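# Summary of structural features
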Amino acid sequence: MTDGTERATQTSQLYERLRTSILTLELLPGQSLAERGLEARFEASRTPVRAALVRLEAEGLVRRDGRSYTVAPIDLAEIAQLAEYREAVETAAVRLAVQRASDAQLDALADELTSMADAGAAGESVQAGGDFHSRLAELSDNPFFTSAVTTSLRRLERTRWLEARSAGSRDHAHDEHLRILAAVRARDADGAAALIAEHIRGTHERLRESLSSDEWRRTHARP
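Parameters at a glance
Residues numbered from 1 in each chain as written. Predicted model: local features only at pLDDT ≥ 70, side-chain atom pairs only at ≥ 80, totals over all residues. Heavy atoms only, no water. pLDDT = per-residue confidence, 0-100. Helix = DSSP H or I, 4+ residues; strand = E, 2+ residues; numbered from the N terminus. Axes fitted to C-alpha atoms, helices over the stretch in contact; angles between N-to-C directions. Parallel < 35°, antiparallel > 145°, perpendicular 65-115°, else oblique. Left-handed = near helix turned anticlockwise from the far one by under 90°. Contact = heavy atoms within 4.5 Å. Nonpolar A, V, L, I, M, F, W, Y, C, P; charged D, E, K, R; others polar. Buried < 20%, exposed > 50% of the residue type's maximum accessible area, 1.4 Å probe, protein only. Arc of directions from axis to C-beta. Salt bridge = Lys/Arg side-chain N within 4 Å of Asp/Glu carboxyl O. Pairing = 2+ DSSP bridges. Phe/Tyr/Trp six-rings, centres within 6.5 Å; stacked < 30°, edge-to-face > 60°. Lys NZ or Arg CZ within 6 Å of the ring centre and 35° of its normal. Polar contact = N/O pair within 3.5 Å; in protein donor to acceptor, adjacent residues only side chain to side chain.

Of all residues in the chain, 89% have pLDDT values of 70 or greater, and the mean over the chain is 86. Between the elements of the chain, mean pLDDT differs from a low of 55, seen in helix H11 (residues 214–220), to a high of 96, seen in helix H4 (residues 76–100).

Let us now look at the packing of helix H2 (residues 35–42) against helix H3 (residues 46–58). Their axes nearest at 9 Å, the elements H2 and H3 cross at an angle of 110°. It follows from the interaxial angle that H2 and H3 lie roughly perpendicular. When the axes of H2 and H3 are compared, the crossing they make is right-handed. Contacts from Glu 35, Arg 36, Leu 38 and Glu 39 of H2 reach H3 at Arg 46, Val 49, Arg 50 and Leu 53. Looking at the contact of H2 with H3, its residues break down into three nonpolar, no polar and five charged.

Turning to H2, a few remarks are in order. Residues Glu 35, Leu 38, Glu 39 and Phe 42 constitute the buried set of H2. Along the axis of H2, the buried residues cluster in a sector spanning 105°; they form a single face. Residues of H2 that are exposed and point over 90 degrees away from its buried face: Arg 36 and Ala 40. At the exit of H2 stands Glu 43, carrying a positive phi of roughly 50°.

As enumerated under the stated definition, the model contains 17 salt bridges in all. The closest approach of N and O atoms between Glu 35 and Arg 50, which form a salt bridge, is 2.8 Å. Taken together, the residues span a long stretch of sequence, with Glu 35 in helix H2 and Arg 50 in helix H3 at a distance of 15 residues. Residue Glu 35 is classed as buried on the basis of its relative accessible area of 14%. The exposure class of Arg 50 is partly exposed, given its relative accessible area of 42%. Look at the salt bridges and you will find they share partners, linking Arg 19, Glu 59, Arg 154 and Glu 157 into a network.

One open sheet holds the three strands; their spatial order is S1-S3-S2, and the pairing between them is antiparallel. The open sheet is flanked by strand S1 (32–33) and strand S2 (62–65), the only strands paired with a single partner. The sheet contact formed by S1 and strand S3 (residues 68–71) spans two bridges and is antiparallel. Bridge pairing in S3 links Ser 32 to Thr 70. Most of the contacts of H3 go to S2, to which it runs at about 115°, and overall it touches S1, S2 and S3.

Relative to S3, S2 is paired through four bridges, and the arrangement is antiparallel. Opposite Arg 63, over in S3, you have Thr 70 as the bridge partner. Two successive antiparallel strands, S2 and S3, enclose a turn made up of two residues, where Gly 66 displays a positive phi of approximately 70°.

All told, the structure shown has zero aromatic pairs when counted by the stated rule. The positively charged end of Arg 55 is found above the aromatic ring belonging to Tyr 15, 3.7 Å away from the centroid.

Further remarks concern the side chain of Ser 21. By the element assignment, Ser 21 lies in helix H1 (residues 3–23). At 3.0 Å, the side chain of Ser 21 and the backbone oxygen of Arg 17 are in polar contact.

The structure is reproduced here in structure tokens:
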């Protein structure tokens, strides 16, 4: 293995470990991320640490703070803006999916959604839910919609992880996905658009209430 390949591998591994630590709140919003501290914590050299932090900054999970970084706060205003953006994009995308997706493509998505029901952990559920929304956007046959949905979900992954911690929330989201897909398979563009808008609004409202609660602030305040 060349030095360049080894560094790339180390960067990728460190990025995934750091990202998971942020998503699971092992690293709390506002927590300082000094490069030397991360080098010691993850037994990594400085170059991979810096590269991983740059990637996480692009995803909105960390912020530059002078010569170091901090875990980005969970921004309620940004979450609200992303919910509005998702609703506009995903309702338009699902209308096109109703028109353009073949029966075979919808059957395949139905099979994928059935297999997603077995996602029992928060991380698996977040991945499964994101896959459903991205795959549905793909069926619009417009790559710009697909890119917009995927990027938005990536930006929201930390808050989506929080919601998916509850088994009830996971089951509720899965049931709503089933209803959305049923409307698409029935070629009901208005119904599918209404259901996906309701799903996005409901998810956002539940999350907003959770993050605004005294319990959230008390449990997840930065030490």
